[in-house]
Amino acid sequence: MNILKPKALKQGDTIGLICPATAPEDLSRIEKSAIYFSRLGYKVLIGKNVFKSYGYLAGSDKERKDDIASMFANKKVKAIICIRGGYGSGRLLDMLPYDLIRKNPKIFVGFSDITSLQTAFLAQSGIISIAGPMAAVDFHSTSDPYTEENFWRMITEPKPFGIVPLPSGHKVNILKKGTGEGVLFGGNFANFVSLLGTPYFPKPDNKILLIEDVDEKPHRIDRMLNQLKLAGVFEKIYGVIAGQFTDCESTSKNAFTVEEVLEQYLGKLKVPVITNFPHGHTKHIASLPIGGKVRVNGNKGTVEILEAVVR
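Residues numbered from 1 in each chain as written. Predicted model: local features only at pLDDT ≥ 70, side-chain atom pairs only at ≥ 80, totals over all residues. Heavy atoms only, no water.

A look at empty space enclosed by the protein
In this approach a probe as big as a water molecule rolls over the atoms, and the regions it shows empty are the leftover space.
Here is step 1 of the chain: All told, the structure shown has 1 cavity of 30 Å³ or more when counted by the stated rule.
Here is step 2 of the chain: Every residue along the wall of the largest cavity is listed here: Arg153, Met154, Glu157, Lys159, Pro160, Phe161 and Val309.
Here is step 3 of the chain: Across the lining of the largest cavity, the residue classes break down as 4 nonpolar, no polar and 3 charged. (1 Å grid on protein atoms, 1.4 Å probe; cavity = no way out; pocket = protein on both sides within 12 Å on 5 of 7 lines; lining within 4 Å. Points joined across faces, edges and corners; volume = space filled by probe spheres on them. Nonpolar A, V, L, I, M, F, W, Y, C, P; charged D, E, K, R; others polar.)

Re the pairing of strand S4 (residues 107-110)
Here is step 1 of the chain: On S4, burial covers both faces: Ile107 and Val109 on one face and Phe108 and Gly110 on the other are all buried.
Here is step 2 of the chain: Taken together, the 3 bridges between strand S3 (residues 77-82) and S4 define a ladder with parallel strand orientation. The partner of Ile81 across the bridge, within S4, is Val109.
Here is step 3 of the chain: Assessed by its sense of winding, the connection that carries the chain from S3 through helix H3 (residues 98-103) to S4 is right-handed.
Here is step 4 of the chain: The pairing of S4 with strand S5 (residues 129-131) spans 2 bridges and is parallel. Paired with Val109 across the bridge in S5 is Ile130.
Here is step 5 of the chain: Since S4 and S5 lie parallel, the crossover through helix H4 (residues 115-125) that links them has a hand, and here it is right-handed. (Buried < 20%, exposed > 50% of the residue type's maximum accessible area, 1.4 Å probe, protein only. Helix = DSSP H or I, 4+ residues; strand = E, 2+ residues; numbered from the N terminus. Pairing = 2+ DSSP bridges. Right-handed = clockwise from strand over helix to strand, strands pointing away.)

Digging into the sheet that holds strand S11 (residues 273-275)
Here is step 1 of the chain: Across the sheet, which stays open at both edges, the 8 strands sit in the order S6-S14-S13-S8-S9-S10-S11-S7 with mixed pairing between neighbours. Two strands in the sheet have a free side with no partner beyond their single neighbour: strand S6 (162-163) and strand S7 (173-176).
Here is step 2 of the chain: Pairing of strand S8 (residues 179-188) with strand S13 (residues 293-297) involves 5 bridges; the strand directions are antiparallel. Bridging from a neighbouring strand, Glu181 pairs with Arg295 of S13.

Here's the deal with the pairing of strand S10 (residues 239-246)
Here is step 1 of the chain: When you tally the buried positions in S10, you get 7 out of 8 residues, the bulk of the element.
Here is step 2 of the chain: In this sheet, S10 lies alongside strand S9 (residues 207-214) in parallel orientation, the contact comprising 6 bridges. Along S10, the bridge assignment pairs Leu209 with Val240.
Here is step 3 of the chain: Two elements, S10 and S11, share 2 bridges in a ladder whose sense is parallel. Opposite Ile241, over in S11, you have Ile274 as the bridge partner.

Topic: the pattern of salt bridges
Here is step 1 of the chain: Within this structure, the stated rule accounts for 11 salt bridges.
Here is step 2 of the chain: Arg64 serves as the salt-bridge partner of Asp61, at 2.9 Å between the closest nitrogen and oxygen. With Asp61 and Arg64 both in helix H2 (residues 61-73) and 3 residues apart, the pair spans about one turn of that helix.
Here is step 3 of the chain: Arg295 serves as the salt-bridge partner of Glu304, at 2.7 Å between the closest nitrogen and oxygen.
Here is step 4 of the chain: Given the relative accessible area of 23%, Glu304 is considered partly exposed.
Here is step 5 of the chain: Exposure remark for Arg295: the relative accessible area of 26% places this residue in the partly exposed category.
Here is step 6 of the chain: The structure contains a network of salt bridges with shared partners spanning Glu181, Lys293, Arg295 and Glu304. (Salt bridge = Lys/Arg side-chain N within 4 Å of Asp/Glu carboxyl O.)

Nothing here speaks to function; it is all geometry.
Laid out in structure tokens, this is it:
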């Protein structure tokens, strides 16, 4: 399947806001993010159902699915930015119109629970999406300049992004040296692994794996890594980018650290592995193209995006 790219975002284009998982506790953040985008010169269309709630979900499965479908079907909408993550995106995967999505590739942005959608879009529709900042998380008030600069550059400039810069003072750890190139897949580790064995998990051959997580203790990270190992995923990939594992430390006396668990599994691979990359549940977020071709340099500790993410 050929990977399809969306058109670059231009001044005056319409950005659609949707909430495929959990609604923000402070609903005013949705309006505040809309104001942020409007001030930058974009039109904003808020999904019909984003202010609804259904248990811990932002509306029923059908309502959340309908918002996704309507945004992809709307010819005026050029970018779709998720409001936040939480939980619930995975419940929609067997309901989505993948043919419609493939015929209307658009900038689609989010991370965390949104990984479920991005992974399915890659497997079923073959479109690039952006693992990056979300409306009610990163754009509702004062935004981080590093996060902003990388994000807007990626979705507005139709040329190869090049080496992803690091925040000032940030150091990436090199776990395994070497270089590897491939299509990027992955994202939030728990969501990504949950799709293994389903039609929504892309073939891992010749890909670069991205992982990050939040509030998962080391033994749970261990379990996810072991699952990928037993499924033969590690034998097929060409490199690993491990982002931030936020609030993932254990208070148990004899527990491994997350770094030790990563070393136990990823340190044995024959492909480049870098850790502590600025991506995930953190202040400084490097946007990354799920479905885009990247190079991991385990000698220099860099990630290079080898192609334009938009056209």
